[in-house]
Amino acid sequence: MKRTIATLILAISLASVGAQEMEGVIRYLVVHNWTKKMAAVDYISKQQRERISYMWGSRSEWKMYTTMYITPTETKYEDSEERAEPDDEGYSWRQDVYYIKRNYQTNTMHDVIQMLGKTYVIEDSLHAPDWKILNDLKEVAGHICMKASWVDTIKQQKIIAWFAMDIPISAGPERFFGLPGLIMEVDVNDGGMLITADKIDLKTLTTSDLALPKKLKGKKISDADYIALLEKHMKEKREAEEPPFWGIRY
Amino acid sequence: MIKHAWLFGLLLFGTLLAAQNPSRVTIKGTVIDTSGDETPLPTVMLLNPVDSTLINFTRGDNKGEFSFKNVKNIPYLLKVSYVGYLPLQMHLSPSPSEVNDLGMVRIKPITNELLEVVVKAAKATLSIRGDTIEYDASSFKVPPGSTVEDMLRRLPGIDVDADGNIKAQGKDVKRVYVDGKTFFGDDPKAATKNLGAETISKVQVYNEASEQSKLTGVDDGKEQKAMNLELKEEYKKGAFGKITAAVGNEERWAARGNYNRFNTKEQFSVIAYGNNINQTGVNWEDYGEFKGQNTFGDFDNGDFGFGGGRYFYIGGDGSDVPFNNFDGRGFTENFGSGVNYNFDNKKTKLNASYFYNQTELTLNQTAFRQTFFQDSTFSNSDTSSRIDLRRNHNISTRFEQQLDSNNVLIVKAQTRFSHNDASYQQSQFFKDNNDQPNNSLNIDNGTLLDSWRLTGSAIYRHRFRKKGRSFAASAGYNNSKSDGTENLFSINRFFAATTLTEQIRQLNNNDNKGRQIKSSLLFTEPFSKKWFWETFYNFSQTDNEVNRQATDPEVNNERIESLSVFYDNTVQYNRVGSSLRYSYKGMNAMAGLAAQHLQLDGSYSIDRGEPLLTDPIRRTFLNYVPHIDFSYEFPFNMWLNLGYDYEVNEPQLNDLQPVPNVNNPAFRIEGNPNLGPQRAHSMNFNINRWDPASMSSVGIGANYYLFDSQIVYNQTIEQVDTIGIRTTTRPDNVSGGNRFNLYLWSNFPIVKTKLTMNINGNINAGKAPSLVNGVENETSNAGFEVRTGFNYTPSTKLIMGVGGNLNFNNITYSIQESQNQQIRNYSVEASAKWQFAPKFFFESNFDYNIYRNDRYDFNQDVPIWNASVRRLLGKQNRLETRLAVFDIFNRRVSITQSGTQNYVIRNIAGTLARYFMVSVSYNMRGYENKIKKNEWW
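Fair warning: this is a prediction, and the values are worked out from it, not measured in the lab.

*Asks:* Mind showing me how you'd approach unusual backbone geometry here?
*Replies:* Note: most residues except glycine have negative phi, and most peptide bonds are trans. All names here are of chain B. Positive phi, normally seen in glycine, also occurs at K585, with a value near 40 degrees. Relative to the helices and strands, K585 is located in the loop between strand 30 (565–584) and strand 31 (587–605). Even without a glycine there, the phi angle at N773 is positive, about 50 degrees. Considering the arrangement of structural elements, one finds N773 in the loop between strand 40 (755–772) and strand 41 (775–795). Judged by its relative accessible area of 24%, N773 is partly exposed.

*Asks:* For this particular structure, what's the right way to read the pattern of salt bridges?
*Replies:* Two side chains that carry opposite charge are able to pair once their charged atoms sit near each other. Residue and element names in this part refer to chain B. Tallying each qualifying case throughout the model produces 54 salt bridges over all chains. Across the pair K242 and E289 runs a salt bridge whose closest N-O atoms are separated by 3.7 Å. Linking K242 in strand 16 (residues 238–248) with E289 in helix 6 (residues 284–291), this pair joins segments that are 47 residues apart in sequence. With a relative accessible area of 15%, K242 lands in the buried category.

*Asks:* I'm lost on helix 6 of chain B in this one. Help?
*Replies:* For an α-helix, the turn length of 3.6 residues means that residues three or four places apart are oriented alike. Residues and elements named next belong to chain B. The buried count for helix 6 comes to six of eight residues, which makes it a mostly enclosed element. When helix 6 is considered as a whole, its buried residues turn out to be D286, Y287, G288, E289, F290 and K291. The backbone nitrogen of E285 lies 3.2 Å from a side-chain oxygen of the residue at the head of helix 6, namely N283. Immediately beyond the C-terminal end of helix 6, within one or two residues, lies G292, with a positive phi of roughly 55 degrees.

*Asks:* Sorry, what's going on with the nonpolar core here?
*Replies:* Generally speaking, nonpolar side chains in soluble globular proteins are found buried as a group. Among the nonpolar cores identified, the biggest contains 100 residues, and B:Y135, B:I158, B:V203, B:M227 and B:L229 are the most heavily contacted of them. Sorting elements by how many residues they give to this core places strand 9 (residues 157–164) of chain A first, with six residues. Three or more residues apiece are contributed to this core by two domains, here domain 1 (2–107) and domain 2 (139–235) of chain B. Beyond its immediate chain neighbours, meaning those up to four positions away, B:Y135 contacts B:L114, B:V118, B:A124, B:T125, B:L126, B:F140, B:L155, B:P156, B:I158, B:S201, B:K202 and B:V203. Of all hydrophobic cores here, the second largest spans 19 residues; its members include B:I27, B:L46, B:F68 and B:V105.

*Asks:* I tried to follow the sheet that holds strand 6 (residues 88–92) of chain B on my own but got confused; where do I start?
*Replies:* Residues and elements named next belong to chain B. Strand order in the open sheet formed by four strands is 3-2-5-6, and the pairing between neighbours is antiparallel. Of all strands in the sheet, those with a lone pairing partner are strand 3 (54–59) and strand 6, marking the two edges. The sheet shows a mean angle of 20 degrees between the axes of neighbouring strands, taken without regard to direction.

*Asks:* Would you mind going over the environment of B:D150 with me for this structure?
*Replies:* Residues and elements named next belong to chain B. Among the secondary structure elements, D150 is positioned in helix 3 (residues 148–152). Taking the relative accessible area as the measure of exposure, D150 reaches 33% and is therefore partly exposed. For D150, the side chain forms a polar contact with the main-chain nitrogen of T147, separated by 3.0 Å.

*Asks:* Just checking my understanding: could you explain the interface of chain A and chain B for this structure?
*Replies:* The parts lose accessible area when they come together, and the size of an interface is often stated as this lost area. On the chain B side, the residues contacting the 72 residues of chain A number 96 residues. Taken over both partners, the interface formed by chain A and chain B buries close to 7600 Å², and the fraction arising from carbon and sulfur atoms is 53%. Applying the counting rule to chain A against chain B returns eight salt bridges. Counting the contacts that link chain A with chain B gives 30 residue pairs in polar contact (both at pLDDT 80 or more). Those elements that place two or more of their residues in the side of chain A that touches chain B are helix 1 (6–15), helix 3 (34–39), helix 4 (46–56), strand 6 (118–125), strand 7 (132–140), strand 8 (143–152), strand 9 and helix 6 (223–240) of chain A. Partitioned by chemical class, the residues of the side of chain A that touches chain B number 32 nonpolar, 16 polar and 24 charged. Here two bridges tie strand 7 of chain A to strand 8 (residues 126–129) of chain B, and the two strands are oriented antiparallel to one another. Looking at the pairing, A:L137 lines up with B:L126 of strand 8 of chain B.

*Asks:* Looking at this structure, I do not really get the sheet that holds strand 4 (residues 65–72) of chain B. What am I missing?
*Replies:* By definition, the strands of a sheet pair up through backbone hydrogen bonds, in either a parallel or an antiparallel sense. Residue and element names in this part refer to chain B. The strand order across the open sheet built from three strands is 4-1-7, with neighbouring strands paired in mixed fashion. Strands with a single pairing partner mark the edges of an open sheet, and in this sheet they are strand 4 and strand 7 (99–107). Sheet twist, expressed as the mean angle between neighbouring strand axes with direction ignored, is 20 degrees. Two strands pair when backbone bridges link them, and strand 1 (residues 24–33) and strand 7 are joined in this way by seven bridges, in the parallel orientation. Within strand 7, the residue paired with I27 across the bridge is N100.

*Asks:* What am I meant to see in the packing of helix 4 of chain A against helix 6 of chain B here?
*Replies:* Packed helices, taken two at a time, are described by the angle their axes make and the gap between the axes. With their axes 8 Å apart at the nearest point, helix 4 of chain A and helix 6 of chain B run at an angle of 55 degrees to one another. Relative to helix 6 of chain B, the element helix 4 of chain A lies oblique. The two elements helix 4 of chain A and helix 6 of chain B cross, and the hand of that crossing is left-handed. Here A:R51, A:Y54 and A:M55 of helix 4 of chain A come into contact with helix 6 of chain B, specifically with B:W284, B:E285, B:G288 and B:E289. Among the residues making up the contact of helix 4 of chain A with helix 6 of chain B, the classes are represented as three nonpolar, one polar and three charged.

Rules and cut-offs
- Residues numbered from 1 in each chain as written.
- Chains lettered and ligands numbered in written order.
- Predicted model: local features only at pLDDT ≥ 70, side-chain atom pairs only at ≥ 80, totals over all residues.
- Heavy atoms only, no water.
- Helix = DSSP H or I, 4+ residues; strand = E, 2+ residues; numbered from the N terminus.
- Buried < 20%, exposed > 50% of the residue type's maximum accessible area, 1.4 Å probe, protein only.
- Salt bridge = Lys/Arg side-chain N within 4 Å of Asp/Glu carboxyl O.
- Polar contact = N/O pair within 3.5 Å; in protein donor to acceptor, adjacent residues only side chain to side chain.
- Core = buried A, V, L, I, M, F, W, Y, C linked by side-chain atoms within 4.5 Å.
- Domains from an automatic or database assignment.
- Contact = heavy atoms within 4.5 Å.
- Pairing = 2+ DSSP bridges.
- Axes fitted to C-alpha atoms, helices over the stretch in contact; angles between N-to-C directions.
- Buried area = accessible area lost by both parts, 1.4 Å probe.
- Nonpolar A, V, L, I, M, F, W, Y, C, P; charged D, E, K, R; others polar.
- Parallel < 35°, antiparallel > 145°, perpendicular 65-115°, else oblique.
- Left-handed = near helix turned anticlockwise from the far one by under 90°.

Geometric values such as these leave the question of function open.
Below you can see the structure in the form of structure tokens.
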């Protein structure tokens, strides 16, 4: 029943005229809300989670920008140097290594991710998640988008994605992909993390835009290895009754 | 249900037919719009008809022709999406032939109004459920106080006439439901005219079969429009609360309760407690639930410049609510009650709270103190008894307004009324160098004090259009008044001079006032993305008025001139500074310099309006204070911080007064009007690392103070005929002295999630010079402390901990090396939490403390063992009963040993020892039916 969508994506990207035109840079605004993240950690008692939400309220938000370079066949996604938090301008945090590079023509991923104190290079073919397509429409950054949902059973996340009906590229922010259009917005765990495309700059990209920084080193693993690492971490955190989101990308 | 039954049938049918049908199929068709126009490049998806999972997708060509080649021949939900059109869904059965040609697939345009107004202009989500179109009403802005009807007038596709009749897409809306239910009968206007627009989150418009067809079950084709209004989540309120009552033997009791109500914008809470088991205030959990969203007060510090302005700290200064800060000595009876209100709609935040608390302390203690000077020592053994009642009323408010995205205003005010009634009896027994009794002094003092304090501040922050450029200004006003009387009585008996007895009576009236205004400015200019330049200015002016009138009740309440004083003191503080900061990718460095000007003005007389005792005193201090800090975040969760400051602290007011305080005649405290500020080089360093994979952390840090000018308390010890051995302390500035502290900690698992170990260590050393009878004495302190513990969690039902602590403190006195002290405190501890049956818990902890000082052959052990059993009751575990025994061995006593300057002191105070207690608690949210590993907030 299940089938890799990649061959189809390939067919579309070759056949479609519209796809050829889409090349440029998308800026996403990522809003983290740690009380909402805590609210989804089911092994921490409901009383504690409710108290956290009651005490932190609107103070628990944290904003950042990310960037996606996009061509009809390739994408590169990374954290932006541009700061979204005005009050944060006094202090600069180190950004963890996080580069998500996808080639939808060869159906491959080359992701460099810092996780649990190590840098990993995940090289594998692409396996799209089982998205469900829903009947809601809304506009994100000037594009009419359709709603899709997915439950990530490894990271315990409920994901709502909005994909553009008029941008036929199966890419998306973070590690999300595999929908008939470009993913413009992602809501993880009811506002725990909300990613919204807020600026689209169409222009011709150079090869350096899509290249990864040269000095990146990391242990090469497969996507299955990566999932196994995550699963182990989630299990340990569950046993220790600690929130799982410190040490890994949410 | 009907839909699912149909799907099930379809699947079953599909399976049955599978044998006949080809296993693979090509599905094709052409997408066009309902009016026959071409729709180029449509997106066509094949979904699983059961759960809408995406199986396959493609894109049609310029004419809208699409095909799925060689896909499995199973039931599908075919979905067509096209910008500006309603998504179309078609159920496909397995095809009997190899090509399933769907022919023309017609899609229906979304009305322009819905698309342009709802989706594009109002940014509302459009949900399509069959024939229902629903959208987010909250996206349409209406003035506050508007009704639903006012809002409906703005919605595209909906018309409301003058009488309030509603039409949707040209058809009359016959019914209006609220959350799916009819609202006050059949009149559709009842809901729309009466409900506030702000309560509605969604508006749904759909076709409903007519009443006729609902009755007959036959579709008469007469559909009518119906509307459903969905209420907002936030108008669904929440509440929680707890109440506990406990009684024990020996008249021990405790009660506490709190209740909270909230919605997404408002929080309201009340709390009350009372007990005689030494809980003097609220704990952290109570505080958080009481203050709610105002628990954390960030960016509230208006003292800009080095150190200030950017820090995140808890609840302002936390002084508005009494914390449980019992120091382990004596018995207390406590009452407290408060009410808090928070409002937060993201733009405006308001907090107001009131708290009343009172604590009555009964403290009986013995103290042994030995004082050293050049070639001699003396000691005093004291027995004292104190009853101290304190009452406080506290009102505090905080208001924050986000004027727009670049301007914020914060205003805070707090006022506090306090009453203090204390009586103090002390019996002191002095021995001289040869351990011979010298004299005994009995003191009986009473104090009554009423005071009032107001603190207010306002902070305004502005961000300029240029990124990183910002300006902030603050203003503050503080005012305080206190009015008190001290009734002092002492009798001194001398053992050598057989008959001499000296009695002193004194009545002090203290009337003090303080007023402070302050202001700060801060301007930040970015030079680039990485470099910032900050300039700040701080100003404050503090006026203090102290009036102490001492009288002798034995002599017609005549004023005692030598002890009466009225002084007026003004401190003017100006600081201007500038710093350069570099911030980029985990490296933050700052270097700056400030010029700090301090002017102290004082004038002294015996009473208000009387001639000055001395010429007015004016002292000015100008210091240039540098500041450096550096922090670097290494890859993989390692941080380094380094800092240097030149700290200048103005003298305390009490240290400046020209007339002595002799509340205890044997310990005379003098002030020094010529005292200068304390100046020190302060350096700090720390480095720490956290490893998320092994769940361990480690850190090390150090602080070092080198004094240029240290405020020390010089002592003069002399034999005075009518007093005996009298110690006079007088503050003065000396150069030299230092303080050093090194600390490290580590926390790591031995068996992940089961057994963890922690180690903490601390080494400190310090040198403090001071004069004793004019001879310089240098006291050196050197101490270290090691604390280690293991935490073992074999199952979710059991948590155990063991640990130990060693504390060494060596004190050496240059003035008399034979008196060098070695103070030792050791302890071991063990604890267990065990859920031994469903809803039954056992908790216990055992501490064994050892106190040693070989110099005095002091050796005392204090074992303390507490244990309790509790049980949860009820389906939702809302009720808890608990039986607890505290200090089973009945050995609890408070011991403190310390040594500074030229003396060592040991205090032993009685406190609450063994008692039993039974308690019943009720929690609206229910108690957690498991043992807690961690507290996350």
